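Remarks on the overall topology
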Amino acid sequence: MKRLKDNVTAGYVAAANKLASKNARRKIVAYVESYDDVFFWRTVLSRFEDETRYFEVMLPTRDKLERGKKSALMNVIGENVGPDMIACVDADYDYLLQGSSPTSKKILESPYVFHTIVYAIENYQCYAESLNTVAVMVTLNDHRIFDFPTFMRGYSEAIFPLFVWSVMLYRSGEYSRFSLSDFNTTIDLGGFSLQHPEECIEHLRGKCMRKVKWLQQKFPGRKQKYLDTRDDLLRLGVTPQETYLYIQGHHLFDAVVAPVMTKVCNRLRMERESEISRTAVHRTQMYNELSCYENSLVDTKQMLKKNMGYMQSRQFLQLQESIWERLFFNEE
């Protein structure tokens, strides 16, 4: 019953576009997974709107509260789909699995399904090159006290060998023996010091290498398969320096980037408050200025979620190029 309803919806959009006048803009419905995805995919699709077409980004159904990747995909994988209805979903591991699972196969083969390329939208929000700007927006202090790109490169290089193992086992259907949860537990930062971030990276590297040795013992004879998986990931654009973009987005956001960003922002706030206290002419001026400053501050996680600095990243540009080639290139 649901599939019939979805196909009628798809057909309805196509029929409505055909009945519209020649000068009317064609509507393309873009189904997304959740509320948070609406804004992200709006930033992706806006550049393709013109006087001939526009997008309406929405959750899978309007008359039933239903969310998630499966629901979004069900609306566009059927007999009556077409260029008037697309699905826009998180890639998760499905892009990296390269068709080795049913969902991955559907996502990669359907011309009307688009994925984030990176694991999820949270990975874009944590794009390393944009994080200093986020810190400035949170604290209104432009003193660069932490090198986010260097730290995230070090983090990525430390976890890359273990990440290859994770993808390899998911491709072969053996993920239950080393699950994503197991992987996430291993790649936690643990203690992080703003003064000595390199110590955190070295500790992480040691944890990952111990887990790699454990996996080598648990799965003997996998060296060539490991090397083939590594080479294939490199072919897909997953470099050791950018591994963080392809791990689970919520974990990256909540367990890695947000804690580091919070420590950086706390230090920048204290620095600004000390400056106000030191330069104030009298106590009343100090209290007023501190109150004004505090009222201007915003929550760190909320600002991370609003971060749009990823729009110049290689992966985001690749995503836009994919949409252009598959939906609009032949119109030119």
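Everything discussed here concerns the structure shown above.
Residues numbered from 1 in each chain as written. Predicted model: local features only at pLDDT ≥ 70, side-chain atom pairs only at ≥ 80, totals over all residues. Heavy atoms only, no water.

Details of the side chain of asparagine 141
Secondary-structure assignment places asparagine 141 in the loop between α7 (131-139) and α8 (148-171). On the accessibility criterion, asparagine 141 (5% relative accessible area) is buried. In terms of polar contacts, asparagine 141 uses its side chain to reach the side chain of glutamate 271, at 3.0 Å. (Helix = DSSP H or I, 4+ residues; strand = E, 2+ residues; numbered from the N terminus. Buried < 20%, exposed > 50% of the residue type's maximum accessible area, 1.4 Å probe, protein only. Polar contact = N/O pair within 3.5 Å; in protein donor to acceptor, adjacent residues only side chain to side chain.)

Here we look at the packing of aromatic side chains
Note on aromatic pairs: each is described by the distance of the centres and the angle between the planes. Inspection of every chain in the model, using the stated rule, returns 20 aromatic pairs. Ring centres 6.2 Å apart and planes at 75° place the aromatic pair phenylalanine 40 and phenylalanine 316 in the edge-to-face group. Of this pair, phenylalanine 40 sits in helix α2 (residues 35-45) while phenylalanine 316 sits in helix α15 (residues 314-328), placing them 276 residues apart in sequence. Its relative accessible area of 1% is what places phenylalanine 316 among the buried residues. When the ring of phenylalanine 146 is compared with that of phenylalanine 148, the centres are 5.0 Å apart and the planes differ by 75°; the resulting orientation is edge-to-face. The same class applies to phenylalanine 146 as to phenylalanine 148, namely buried. Through a chain of ring-to-ring contacts, three or more aromatic side chains come together here, namely Tyr93, Tyr119, Phe163, Tyr170, Tyr175, Phe178 and Phe183. Above the ring of tryptophan 214, the side-chain terminus of lysine 211 is found at 4.6 Å from the ring centroid. (Phe/Tyr/Trp six-rings, centres within 6.5 Å; stacked < 30°, edge-to-face > 60°. Lys NZ or Arg CZ within 6 Å of the ring centre and 35° of its normal.)

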